[in-house]
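Chains, contacts and geometry: an overview
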Number of protein chains: 2
Amino acid sequence: MYKDKKCVIVLSGGLDSSTVAYWAKSQGYQIYPIVFKYGQIAVKEVYAAKKIAENLGTSIKIVDFSALKDIFQTSSLVNRDIALSGEFSEAIIVPFRNAIFLSVAVAYAATVGANEIFYGAHDSDVAFYPDCRRDFYEAFEKAAQLGTNSNISISAPYMGKEKTDLVKAATKLNVPLELTWSCYTDGEQHCGQCESCINRKKAFQKANIADLTKYEY
Amino acid sequence: MYKDKKCVIVLSGGLDSSTVAYWAKSQGYQIYPIVFKYGQIAVKEVYAAKKIAENLGTSIKIVDFSALKDIFQTSSLVNRDIALSGEFSEAIIVPFRNAIFLSVAVAYAATVGANEIFYGAHDSDVAFYPDCRRDFYEAFEKAAQLGTNSNISISAPYMGKEKTDLVKAATKLNVPLELTWSCYTDGEQHCGQCESCINRKKAFQKANIADLTKYEY
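Residues numbered from 1 in each chain as written. Chains lettered and ligands numbered in written order. Predicted model: local features only at pLDDT ≥ 70, side-chain atom pairs only at ≥ 80, totals over all residues. Heavy atoms only, no water.

As a further point, take the sheet that holds strand β5 (residues 153-155) of chain B. Residue and element names in this part refer to chain B. Taken in spatial order, the five strands line up as β3-β2-β1-β4-β5 in an open sheet, and their pairing is parallel. At either end of the open sheet lies a strand with only one pairing partner, and these are β3 (61-64) and β5. Ignoring strand direction, the axes of neighbouring strands in this sheet form an average angle of 20 degrees. Of the strands in this sheet, β1 (6-10), β2 (30-37) and β4 (116-118) touch helix α1 (residues 15-26), which is tilted by about 170 degrees from β1. (Pairing = 2+ DSSP bridges. Helix = DSSP H or I, 4+ residues; strand = E, 2+ residues; numbered from the N terminus. Axes fitted to C-alpha atoms, helices over the stretch in contact; angles between N-to-C directions. Contact = heavy atoms within 4.5 Å.)

Residue and element names in this part refer to chain A. Here helix α1 (residues 15-26) crosses helix α7 (residues 163-172) at 45 degrees, and the two axes come no closer than 10 Å. Between α1 and α7, the angle falls in the class oblique. Considering how the two elements wind past one another, α1 and α7 form a crossing that is left-handed. Across the interface between the two elements, L15, D16 and T19 from α1 touch K163, L166, V167, A169 and A170 from α7. (Parallel < 35°, antiparallel > 145°, perpendicular 65-115°, else oblique. Left-handed = near helix turned anticlockwise from the far one by under 90°.)

What follows covers the layout of surface pockets. All names here are of chain A. Of the volumes computed, that of the second largest pocket is approximately 1000 Å³. As for the second largest pocket, its lining consists of 43 residues, of which D16, D125, K163, Y184 and S196 are closest to the centre. Where the lining of the second largest pocket is concerned, the elements lending two or more residues are α1, β2 (30-37), α4 (97-112), α5 (123-126), α7 and α8 (195-207). At seven residues, α8 tops the list of elements feeding residues into the lining of the second largest pocket. Partitioning the lining of the second largest pocket into residue classes produces 20 nonpolar, 13 polar and ten charged. (1 Å grid on protein atoms, 1.4 Å probe; cavity = no way out; pocket = protein on both sides within 12 Å on 5 of 7 lines; lining within 4 Å. Points joined across faces, edges and corners; volume = space filled by probe spheres on them. Nonpolar A, V, L, I, M, F, W, Y, C, P; charged D, E, K, R; others polar.)

Let us look at helix α4 (residues 97-112) of chain B. Residue and element names in this part refer to chain B. A rise of 1.5 Å per residue sets the reference length of α4, with its 16 residues, at 22 Å; its end C-alpha atoms lie 22 Å apart and thus fit the reference within 8%. The buried count for α4 comes to 13 of 16 residues, which makes it a mostly enclosed element. Following α4 by one or two positions, G113 has its phi on the positive side, about 80 degrees. (Expected span 1.5 Å × (residues − 1). Buried < 20%, exposed > 50% of the residue type's maximum accessible area, 1.4 Å probe, protein only.)

The next thing to look at is the sheet that holds strand β4 (residues 116-118) of chain A. Residue and element names in this part refer to chain A. A sheet is described by the order of its strands in space; here five strands give the open sequence β3-β2-β1-β4-β5, paired in parallel fashion. Here the strands that pair on one side only, and so sit at the sheet edges, are β3 (61-64) and β5 (153-155). For this sheet, the mean inter-axis angle between neighbouring strands, taken without regard to orientation, is 20 degrees. Pairing between strand β1 (residues 6-10) and β2: five bridges, direction parallel. Of the residues in β2, the one forming a bridge with C7 is I31. Set on the sheet, helix α2 (residues 44-55) makes contact with β2 and β3; between it and β2 the angle comes to about 170 degrees.

With that out of the way, let us pick up the relation of the copies chain B and chain A. With an RMSD of 0.0 Å, chain B superimposes on chain A once it is rotated by 180 degrees and translated 0.0 Å along the axis. Taken together, the turn and the small shift mark the pair as related by a two-fold rotation axis. The fraction of interface residues of chain B whose copies in chain A are also interface residues reaches 100%, indicating that both copies meet through the same surface. (Least-squares fit on C-alpha atoms with pLDDT ≥ 70 in both.)

It is worth spelling out the interface of chain B and chain A at this point. The interface of chain B with chain A comprises 36 residues on the first partner and 36 residues on the second. Interface area for chain B against chain A, summed over the two sides, is near 2900 Å², with a carbon-plus-sulfur share of 77%. Counting the surface chain B buries against chain A, the share from its top three residues, I71(B), F96(B) and L146(B), is 23%. A salt bridge links K61(A) to D70(B); its shortest N-O distance comes to 3.0 Å. Where chain B touches chain A, the interface holds five residue pairs in polar contact (both at pLDDT 80 or more). The set of elements that each furnish at least two residues to the side of chain B that touches chain A consists of β3, α3 (68-71), α4 and α6 (134-148) of chain B. With ten residues, α6(B) is the single largest residue contributor to the side of chain B that touches chain A. (Buried area = accessible area lost by both parts, 1.4 Å probe. Salt bridge = Lys/Arg side-chain N within 4 Å of Asp/Glu carboxyl O. Polar contact = N/O pair within 3.5 Å; in protein donor to acceptor, adjacent residues only side chain to side chain.)

Moving on: the nonpolar core. General note: in soluble globular proteins, nonpolar side chains tend to be found buried as a group. Counting residues in hydrophobic clusters, the biggest one holds 103 residues, and the most contacted among them are F140(A) and F140(B). The contact partners of F140(A), leaving out residues within four places of it in the chain, are A99(A), L102(A), S103(A), V106(A), I154(A), F96(B), F140(B) and A143(B). (Core = buried A, V, L, I, M, F, W, Y, C linked by side-chain atoms within 4.5 Å.)

Take a look at the structure:
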């Protein structure tokens, strides 16, 4: 039904945003993925996103925002002096990160002539990450429409679903999960101990789907 | 009344944002200015902003977002292949630029512990630039509050005023206007012919205040 419509997807190279990208492909969208280097320790996710885009038959816009590293120094995803935790902690939050990414996605959409932006927020994030909530992206969409004088749409197709539902969807959509990177560290393999690895493990377990990810622990 | 409160100011080095910065100083704010390199031809504005910040007794955060140059290729402020015009044209618009800057300002505010963000939008911009309108920044403020789970405030202190009123205010506030840079080009002096130079000239004329800016034409 959306045949030939263009969309911009904020692709992080993780399981969630990759599933969103394959969902959009299944809906017939022309996909313009965008990924950001923002000083994250897990820079491997950028290369994962690139591979996912190639696998989708498109190319990715890699935006080098390494200048944000200083500004994001309060987050353990950027600052190696702050310990990473296996459970959610305030230190994991990268302040207003999704808004920065979505703002650039809006500008990119204007440049490529896309009218829809998708990102990977879902219900399992809602309790912890304010910029993964529906009321946030709805308010942001309104600001984007006013700020560009357009009817641009911003949404999270898996809002209302849990991460385990994304694992199920990814399996149905044949997402090459082996190419995705969820870990907050920059090891050879997923560490298996950070919050993101633990959430990934749990989501597979709950979905009762074999997790082929290689974890250090 | 605002003594010792911190604010982040999106400072472009032009007349408007510089006036906002001096206004904030007059109100007793501790000022955290931020400026962006985004591939603009007028990179001189970044150095103007740096001087303004020094003059205010503070230091500026210069964010190198040169990676945006590609994404902003539709704008004559970035792409030298698009002619600059003396009157407003759609090609001047840098899509959603203020939202990108404000998003980063929100993250910076979280890092430095500021609760207010000011930018230089005013009524003379309203007809042309959607991201200089009150309804835009009010919607954006709501998104910022939801996306950071805070009561961060975003406003444009000179909304409701014309550019000529900013020239009058700048004079009263002793803004060193000779340090500001409004021109969209990168000449030795202000070109005097681009939309921004023409607006600057008109604002001084209408305010009946001597314009000491050196213009090429």
